[in-house]
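Chain and residue survey
Listed below are the residues making up each chain.
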Amino acid sequence: MSERAIVLKTEKLGMMFGGLKAVNDFNIEILEGELVGLIGPNGSGKTTVFNMLTGLHIPFEGEIYLMGKRITGMKTHKIIEQGIARTFQNIRLFGEMSVLENVKTSFTKDVKYNLFDTMFRTPKYFQIEKDIEDKAMDCLRIVHLDDKAAFQAKSLPYGQQRKLEIARALATDMKLLLLDEPAAGMNPTETSELIACIYDIRKKFNITIFLIEHDMSLVMKICERIQVINFGNTIAHGFPNEIAHNPDVIEAYLGEEAVENA
Amino acid sequence: MTDLRKKSLRGVITNVIMVALLIIVIYILSVSLSDNNYRLKLVPIIWHLCIFILLGTSLNLTMGFLGQLTLGHMGFMGIGAYTAALSSLALERAGLFIAKTAPPLQLIGVMLGCSLLGAIVAGIISLLMGIPALRMRGDYLAIVTLGFGLIIENVIANLPFAGGNGLAEGTASANLYQNGLGINSRLQAQYVYFPILLTIICVAFMFMYTTSKYGRAIKAIREDEIAANASGINATYYKILTFTISAFFAGLAGGLYAISTSSLTTGTFTFANSSIWNSTFIVVMVVLGGMGSLTGSIIAAIGMYMLNYEIKNGAWVAAMPQFLQSIFAFPMLIYAFVLTIVIMFKPFGLMGTYEFSLRRLLFRKSERAIGGEAK
Ligand SMILES: Nc1ncnc2c1ncn2[C@@H]1O[C@H](COP(=O)(O)OP(=O)(O)OP(=O)(O)O)[C@@H](O)[C@H]1O
Ligand SMILES: [Mg+2]
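These figures come from a predicted structure and were not determined experimentally. (Residues numbered from 1 in each chain as written. Chains lettered and ligands numbered in written order. Predicted model: local features only at pLDDT ≥ 70, side-chain atom pairs only at ≥ 80, totals over all residues. Heavy atoms only, no water.)

1. Some details on the overall build of chain A
Just so we agree on the cut-off: Every helix listed is a DSSP run of H or I at least four residues long, and every strand listed is a run of E at least two residues long, numbered separately from the N terminus. Both definitions apply: the radius of gyration is a C-alpha atom measure, and the globule rule equals 2.2 Å times residues to the power 0.38. The buried label applies to any residue whose accessible area, calculated with a 1.4 Å probe on protein chains only, is under 20% of its type's maximum; exposed applies above 50%, and partly exposed to all values in between. Throughout, a residue-residue contact means that at least one pair of heavy atoms, one from each residue, lies within 4.5 Å. For accessible areas, the Shrake-Rupley method is used with a probe of radius 1.4 Å. Any residue's cover is judged against the shown protein chains and nothing else. Here Asp and Glu are counted as negative and Lys and Arg as positive; His is not counted, and neither are the chain ends. A charge is said to be at NZ when it belongs to Lys, at CZ for Arg, at CG for Asp and at CD for Glu.
The secondary structure content of chain A amounts to 11 helices and 10 strands. Its C-alpha atoms give chain A a radius of gyration of 19 Å, near enough to 18 Å, the size a compact globule of 262 residues would have. Along the first, second and third principal axes, the C-alpha set of chain A runs to 65 × 40 × 40 Å. Considering chain A as a whole, with its 262 residues, one finds that 55% of them fall into the buried category. If you take every contact in chain A between residues at least 6 apart in sequence, the share linking residues at least 24 apart comes to 68%. Summed over all atoms, the accessible surface of chain A reaches about 11,300 Å², with 53% contributed by carbon and sulfur. In chain A, 30 positive and 36 negative side-chain charges are present, and the distance between their average locations comes to 6 Å.

2. Some points on the interface of chain B and chain A
For clarity, the cut-off: Values labelled buried area give the accessible surface lost by two parts on being combined, using a 1.4 Å probe and summing over both. Throughout this description, the term salt bridge denotes a Lys or Arg side-chain nitrogen within 4 Å of a carboxyl oxygen of Asp or Glu. The definition of a polar contact used here is a pair of N or O atoms within 3.5 Å, where within protein one atom must be able to donate a hydrogen and the other to accept one, and adjacent residues in sequence count solely through side-chain atom pairs. Each residue is assigned to one of three groups, with Ala, Val, Leu, Ile, Met, Phe, Trp, Tyr, Cys and Pro labelled nonpolar, Asp, Glu, Lys and Arg labelled charged, and all others, Gly among them, labelled polar.
Between chain B and chain A, the residue contacts involve 33 residues of the former and 36 residues of the latter. Of the roughly 3,100 Å² buried between chain B and chain A, counting both surfaces, carbon and sulfur atoms make up 63%. The largest contributions to the chain B side of the interface with chain A come from B:Lys213, B:Arg216 and B:Ser231, which together make up 20% of the buried area. As a salt-bridge pair, B:Arg216 and A:Glu129 come within 3.1 Å of each other at their nearest N and O atoms. Counting every contact that joins chain B to chain A gives 11 residue pairs in polar contact (both at pLDDT 80 or more). Elements with a contribution of two residues or more to the side of chain B that touches chain A: α7 (193-210), α8 (213-223), α9 (225-230) and α10 (235-260) of chain B. Considering every element that reaches the side of chain B that touches chain A, the biggest residue donor is α8(B), with eight residues. A breakdown of the residues in the side of chain B that touches chain A according to their chemical character gives 18 nonpolar, eight polar and seven charged.

3. Observations regarding the confidence of the model for chain B
Residues and elements named next belong to chain B. Applied cut-off: A score between 0 and 100, pLDDT records how confident the predictor is in each residue.
Residues at a pLDDT of 70 or more form 90% of chain B, whose mean pLDDT is 84. Under a pLDDT of 50 for its full length, residues 168-179 has, in the predicted model, 34 contacts with residues more than four places off or in other chains. Low pLDDT (under 50) marks residues 367-375, which in the prediction has 22 contacts with non-local residues, meaning those over four places away or in another chain. Overall fold confidence (pTM) sits at 0.90, and the ipTM for the predicted complex is 0.92.

4. Quick notes on the sheet that holds strand β5 (residues 69-70) of chain A
Residues and elements named next belong to chain A. In plain terms, the rule: When DSSP finds two or more bridges between a pair of strands, those strands are recorded as paired. Here an angle of 0 to 180 degrees is reported between the N-to-C directions of two axes, which are lines fitted to C-alpha atoms, with helices fitted over the stretch in contact.
With respect to topology, four strands assemble into an open sheet ordered β2-β1-β4-β5, the strand pairing being antiparallel. The two strands at the open ends of the sheet, each matched to only one other strand, are β2 (20-31) and β5. In terms of strand pairing, strand β1 (residues 6-17) meets strand β4 (residues 61-66) through five bridges, oriented antiparallel. Its bridge partner being in β4, Thr 10 is matched across the sheet by Ile 64. The sheet contacts of helix α1 (residues 46-53) involve β1, β2 and β4, and relative to β1 the element is tilted by about 115°.

5. Some thoughts on the pairing of β4(A)
All names here are of chain A. By the bridge criterion, two bridges tie β4 to β5 in an arrangement that is antiparallel. Bridging across to β5, Leu 66 finds its partner in Lys 69. Counting the residues between successive antiparallel strands, the hairpin from β4 to β5 contains two residues, one of them, Met 67, with a positive phi of roughly 50°.

6. Brief notes about the coordination of the magnesium ion (ligand 2)
All names here are of chain A. For clarity, the threshold we go by: For Na, K and Ca the donor cut-off is 3.2 Å; for every other metal, N, O and S atoms count as donors within 2.8 Å. Water does not enter the count, which can leave sites looking incomplete.
Coordination of the magnesium ion (ligand 2) by the protein involves Thr 47 (OG1) and Gln 89 (OE1), with metal-donor separations of 1.8 to 2.0 Å. Of this pair, Thr 47 sits in helix α1 while Gln 89 sits in the loop between β6 (84-86) and α3 (99-104), and the two are 42 residues apart along the sequence. For Thr 47, a relative accessible area of 25% translates into the label partly exposed. For Gln 89, a relative accessible area of 31% corresponds to the partly exposed category.

7. Some details on the packing of α7(B) against α10(B)
All names here are of chain B. Spelled out, the test is: For classification, angles of less than 35 degrees are called roughly parallel, those exceeding 145 degrees roughly antiparallel, those between 65 and 115 degrees roughly perpendicular, and all remaining angles oblique.
Closest axis-to-axis distance for the α7/α10 pair is 12 Å, and the angle between their directions is 175°. By the angle between their axes, α7 is roughly antiparallel relative to α10. Seen from α7, the contacting residues are Phe 194, Pro 195, Leu 198, Thr 199, Cys 202, Phe 205, Met 206 and Tyr 209; seen from α10, they are Leu 241, Thr 242, Ile 245, Phe 249, Leu 252, Leu 256 and Ile 259. Residues that form the contact of α7 with α10 fall into these classes: 13 nonpolar, two polar and no charged.

8. Considerations on the packing of helix α12 (residues 294-313) of chain B against helix α15 (residues 331-345) of chain B
Residue and element names in this part refer to chain B. Spelled out, the test is: Crossing handedness follows the turn of the near helix against the far one: under a right angle anticlockwise gives a left-handed crossing, and clockwise gives a right-handed one.
α15 packs onto α12 with a crossing angle of 135° between their chain directions and a minimal axis gap of 11 Å. Compared by their axis directions, α12 and α15 come out oblique. Relative to α15, the crossing made by α12 is right-handed. Seen from α12, the contacting residues are Met 304, Leu 307, Asn 308, Ile 311 and Lys 312; seen from α15, they are Pro 331, Ile 334, Tyr 335 and Val 338. A per-class count over the contact of α12 with α15 returns seven nonpolar, one polar and one charged.

9. Focus: the site of ligand 1
All names here are of chain A. Applicable threshold: One heavy atom suffices: a residue is near a molecule or strand as soon as one of its heavy atoms comes within 4 Å of it.
Neighbouring ligand 1 are 14 residues, the closest being Gly 43, Lys 46, Thr 47, Thr 48 and Gln 89. Between Gly 43 and ligand 1, the recorded distance is 2.9 Å, taken from a backbone N or O atom to an oxygen atom. Separating an oxygen atom of ligand 1 from a side-chain N or O atom of His 214 is a distance of 3.1 Å. In the complex, 62% of the free accessible area of ligand 1, which totals 640 Å², lies under the protein chains. Where the shell around ligand 1 is concerned, the elements lending two or more residues are β2 and α1. No other element matches α1, which puts three residues into the shell around ligand 1. Residues of the shell around ligand 1, tallied by class, amount to three nonpolar, nine polar and two charged.

10. Some details on the pattern of salt bridges
Counting across every chain of the model gives 22 salt bridges over all chains. As a salt-bridge pair, B:Glu225 and B:Arg137 come within 3.3 Å of each other at their nearest N and O atoms. Of this pair, B:Glu225 sits in helix α9 while B:Arg137 sits in the loop between α4 (104-133) and α5 (138-158); the two residues are 88 residues apart in sequence, bridging distant segments of the chain. A network of salt bridges, in which partner residues are shared, links A:Asp138, A:Arg141 and A:Asp146.

11. Things to note about a positive patch on the surface
Basically, it comes down to this: Within this analysis, patches are made of residues with over 30% relative accessible area and no salt bridge. Like charges are joined at 9 Å or less; nonpolar side chains (Val, Leu, Ile, Met, Phe, Trp, Tyr) at 5 Å or less.
On the surface, a cluster of positive charge is made up of A:Lys69, A:Lys75, A:Lys78 and B:Arg135. The topology assignment puts A:Lys69 in strand β5.

12. Here's the deal with the packing of aromatic side chains
Note on aromatic pairs: each is described by the distance of the centres and the angle between the planes. Filter applied, for reference: Here is the rule: rings of Phe, Tyr and Trp (six-membered ring for Trp) pair when centre to centre is within 6.5 Å. Planes less than 30 degrees apart are stacked, more than 60 are edge-to-face, and the remainder are tilted. Whether a charge lies above a ring is judged from NZ of Lys or CZ of Arg, which has to be within 6 Å of the ring centre and within 35 degrees of the ring normal.
What the rule picks out here adds up to 19 aromatic pairs over all chains. Where B:Phe281 meets B:Tyr335, the ring centres are 5.0 Å apart and the plane angle is 75°; that geometry is what we call edge-to-face. One end of the pair, B:Phe281, is in helix α11 (residues 279-289); the other, B:Tyr335, is in helix α15, with 54 residues separating them in the sequence. Grouping residues by exposure puts B:Phe281 and B:Tyr335 together as buried. In this structure an aromatic cluster arises from ring pairing among B:Phe52, B:Tyr82, B:Tyr257, B:Phe269, B:Trp277, B:Phe281, B:Tyr305, B:Tyr309 and B:Tyr335. Stacked on the ring of A:Tyr113, the Lys or Arg B:Lys213 has its end atom at 5.5 Å from the ring centre. Over the face of the ring belonging to B:Tyr214 we find B:Lys213, whose NZ or CZ atom lies 5.0 Å from the ring centre.

In structure tokens, the structure reads:
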């Protein structure tokens, strides 16, 4: 257990928007294969943490390490190459493209054919395209969207769009998967399907997952460890049952579900 | 296994039919061209159509597939045209080449070489422009590219060896372009397959480009640049690459233009003017045909050019009342009208993002389009 490598580590991570400190002194260590949750009230800075981890925001201060390698300030696509993948809170799919094409785009960085192969459709081109297609279909199968491959992404119902985003993220072949409120807007059936899906992914890929979620029952059920932030500051971290009984957390969530679950 | 074999058999059948169709078209063309009357009319139309098809499809790469509005496309065509004209002229001055008497292989070599040089120069300049310009988006990029287009036009106009009114009457070049690459109508008729083949090859390349990983990447950038980056796509790289390829083909179109006209003026390569040789016309062409459909751009190029040709030459126009004729003197007015009508009824242009596919036409029923364009 203690032998496990540290996949993600942040040191004193901070972000400023104008005069507002959206995230302050954010420290976390996530071990290989762990499923860690990040929770906090609305506007507490959770998405901002993810944005810093994936290079959408350049951190105001602090450092980020992935598998011991410093990735602070790297461009987004470079960070994805290093092995982080993410989904978005407000779904960002390639709406006009087909479901399959959405997943295929994630292989762009690994595709080794060039303009010459593209123009003359060499055997290499066909081989690589076929490999991509097979791998993309595998990713779709995991989230049970393989029968929707030819559909336009924007035509999918909401719950399936979220799953497609997960499939697209999986296709980048990552070590660390960041899920930003994957169950938002889902009904209970869809949510339980999603949970099954996440378990499936962990089993098959042995990846590390860091997720933001508002649905407390989901968080308490699947996360091994939880970190809580409020107004950008970490107010608690620990095992789910510790968090559920932490007075600071209960206060931050006063009147919200956390109290009921406590 | 049998399924795979069936598929590749279909591919072979499609290719054979495509080649057969091409041969039939070329045969019909050669028969019509053997008639003197037709030849006089057809040859300039074919050269011009090839140029407009190249301009429309290449602009569609940046506007339709990559989703970046650029308004200076003709600037790159201008660079290609002047580069091709001047380089061929240099060859002639050096005594290496005379268009009128050159043997066929040499003439084709010079036409191809000088056009390619024009395309490469246009590509290099677009690369230098694209690196800073493509950091901007939407309206800002449109304004920057509009500005670049006008700068190119003005720089060329003030080059001592190109001249304000073009090579034919330029300040420092009284008869600079009397000969050069601008071949006469007899040679244009003789080499009419040159632009046709060149255009087919270029459009084929663009089609291959848009259906490969490159096409997927740029469409993803168009749909959502942040998500594209978060899928590991280096958006900056693909944007600049596409912008450069687009300018390359515009430069090549410029080369064809230099071959098919007897004099160049920078007014041809501007944002808007009273003829159809301007960037706005090409933008209208792309929007009308469908942003994201090369087929649409080709149809729009042919349709709009022929409409303009009719307006200019049709007997029915001369029979119209005077005030209508004076409207027709400004073709852009007509195109604004046509564009408005089309956009009202078909907001995504005539073809949307649909591409013509012979294979789909032949085997529509038995082939499911998994992985192709979205349903
Ligand atoms: N790009 C930005 N520019 C300015 N302020 C921002 C930006 N992004 C986030 N903020 C601010 O930072 C704070 C934290 O936002 P963030 O989106 O990280 O919260 P969150 O915890 O994800 O909230 P939610 O639960 O609603 O998703 C908010 O006050 C927000 O208004
Ligand atoms: Mg959020």
